[in-house]
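# Coordinate analysis (summary)
Spelled out from the first residue to the last, the chains are:
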Amino acid sequence: MTAKLNLKRIRALQTDARENIESYSDPETPKALEQYTAKMKAVLLRDPQLLESLPEYLPVALYGRVKFVPEAKVKWQQWLSTGIAPSWDEFKTSAAFNNADIELVKAIRAFSESLLIESCAVIFLMEHGDSMGNEGQRRSTDANDDNDADDDDSGSDNYNSDDYSSDGYNDNDDDSDEPGYDNQYDDIRFNREKPE
């Protein structure tokens with residue numbers, strides 16, 4: 001039976017992981033994210049069960065440390081677009097881990113192989129997928145924008161009634177006769193502004 005990728009969960013993990021990463025990405029403390037992920041990896045290596053309640057920690061810990069070869073990118077795009085999870089044999093040739101992370105990867109696989117695959121899917125989406133995955137969505141949005149622009153053009157005649165001038169503003173819009181109008185502010189100018 002073919003395993004499925006839970007795309008809704010992967011998107012939620014992506015959001016949580018991105019928020020964690022962004023909170024530690026500060027130009028004033030450039031090593032903050034690296035130090036945070038190093039501590040996180042040490043904690044997860046000691047106790048992978050933490051991922052039951054904090055699954056977003058794994059993609060954060062491995063972020064920027066997983067490589068996807070060009071041939072694998074096509075596979076990942078296919079897996080994510082169809083929602084079909086790769087087998088372990090397919091997965092292990094599609095993601096390359098740093099030697100320093102192999103021990104953690106083995107510990108996580110022993111705890112939950114599917115979580116390791118999901119986490120790599122999250123990393124792939126963060127590195128490649130937002131532009132790739134939203135391509136079709138962006139095209140349909142652009143088409144909608146074009147339609148909206150057409151609608152705006154066709155509806156522009158609605159403003160050319162007798163109450164409005166051709167520039168769309170009411171010619172009779174003089175607020176000086178409104179109750180409470182005070183013309184003392186009419187002569188206020190900014191510095192160096194010449195009087196009319």
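Residues numbered from 1 in each chain as written. Predicted model: local features only at pLDDT ≥ 70, side-chain atom pairs only at ≥ 80, totals over all residues. Heavy atoms only, no water.

### A word on the side chain of Asn-20
- Inspection of the secondary structure assignment puts Asn-20 in helix α1 (residues 7–24).
- Separated by 3.5 Å, the side chains of Asn-20 and Tyr-36 make a polar contact.
- For Asn-20, the residues in contact, after removing those within four places along its chain, are Tyr-36, Glu-56 and Val-60. (Helix = DSSP H or I, 4+ residues; strand = E, 2+ residues; numbered from the N terminus. Polar contact = N/O pair within 3.5 Å; in protein donor to acceptor, adjacent residues only side chain to side chain. Contact = heavy atoms within 4.5 Å.)

### Let's talk about the pattern of salt bridges
- For the structure shown, the criterion picks out 6 salt bridges.
- Note that Glu-34 and Lys-31 form a salt bridge whose closest N and O atoms lie 3.8 Å from each other. (Salt bridge = Lys/Arg side-chain N within 4 Å of Asp/Glu carboxyl O.)

### Some remarks on the confidence of the model for the protein chain
- On average, residues of the protein chain score 77 in pLDDT, and 65% of them reach the 70 mark or higher.
- A low-confidence stretch, residues 131–171 (pLDDT under 50), is modelled with 13 contacts involving residues beyond four sequence positions or located in other chains.
- Every residue in residues 188–192 is under pLDDT 50, and counting partners more than four places away or in other chains gives 3 contacts. (pLDDT = per-residue confidence, 0-100.)

### Re the environment of His-128
- Within the element layout of this structure, His-128 appears in helix α7 (residues 113–133).
- For His-128, a relative accessible area of 24% corresponds to the partly exposed category.
- It is 9.7 Å that separates the C-alpha atoms of His-128 and Phe-68, two residues lying 60 residues apart in sequence. (Buried < 20%, exposed > 50% of the residue type's maximum accessible area, 1.4 Å probe, protein only.)

### Details of the packing of helix α2 (residues 32–46) against helix α6 (residues 102–111)
- Contact pair α2 / α6: the axes reach a minimum separation of 9 Å and the direction vectors enclose 45°. Taken together, the axis directions place α2 and α6 in an arrangement best described as oblique. The way α2 lies across α6 gives a crossing that is left-handed. Of the residues in α6, those touching α2 at Lys-41, Leu-44 and Leu-45 are Glu-103, Leu-104 and Ala-107.
- Here the residues of the contact of α2 with α6 sort into 4 nonpolar, no polar and 2 charged. (Axes fitted to C-alpha atoms, helices over the stretch in contact; angles between N-to-C directions. Parallel < 35°, antiparallel > 145°, perpendicular 65-115°, else oblique. Left-handed = near helix turned anticlockwise from the far one by under 90°. Nonpolar A, V, L, I, M, F, W, Y, C, P; charged D, E, K, R; others polar.)

### So, α1
- Along its 18 residues, α1 runs 26 Å from first to last C-alpha, staying within 8% of the 26 Å computed at 1.5 Å per residue.
- Within α1, burial applies to Ile-10, Leu-13, Gln-14, Ala-17, Asn-20 and Ile-21. Around the axis of α1, the buried residues are gathered within 135° of arc, so they sit on the same side. Of the residues in α1, the exposed ones pointing more than 90 degrees away from the buried face are Lys-8, Glu-22 and Ser-23. (Expected span 1.5 Å × (residues − 1). Arc of directions from axis to C-beta.)

### A short note on the packing of α1 against α2
- The N-to-C vectors of α1 and α2 enclose an angle of 130°; their axes lie 8 Å apart at closest approach. Overall, the two elements α1 and α2 adopt an arrangement that is oblique. Across the interface between the two elements, Asn-20, Ile-21 and Tyr-24 from α1 touch Ala-32, Leu-33 and Tyr-36 from α2.
- A breakdown of the residues in the contact of α1 with α2 according to their chemical character gives 5 nonpolar, 1 polar and no charged.

### Digging into the nonpolar core
- Formed by 38 residues in total, the largest nonpolar core has its most connected members in Leu-58, Leu-62, Val-66, Trp-76, Phe-91, Phe-97 and Leu-116.
- It is α7 that contributes the most residues to this core, 10 residues altogether. (Core = buried A, V, L, I, M, F, W, Y, C linked by side-chain atoms within 4.5 Å.)

### Details of the packing of aromatic side chains
- Summed over the entire model, instances satisfying the criterion amount to 8 aromatic pairs.
- A ring pair is formed by Phe-68 and Trp-76, whose centres lie 5.8 Å apart and whose planes are at 85°; its orientation type is edge-to-face. Taken individually, Phe-68 and Trp-76 each receive the classification buried, so the pair is uniform in this respect.
- For Trp-76, a relative accessible area of 0% gives the class buried.
- Among the aromatic residues, ring-to-ring pairing joins Phe-68, Trp-76, Trp-79, Trp-88, Phe-91, Phe-97 and Phe-124 into one connected group.
- Above the ring of Trp-88, the side-chain terminus of Arg-109 is found at 3.8 Å from the ring centroid. (Phe/Tyr/Trp six-rings, centres within 6.5 Å; stacked < 30°, edge-to-face > 60°. Lys NZ or Arg CZ within 6 Å of the ring centre and 35° of its normal.)

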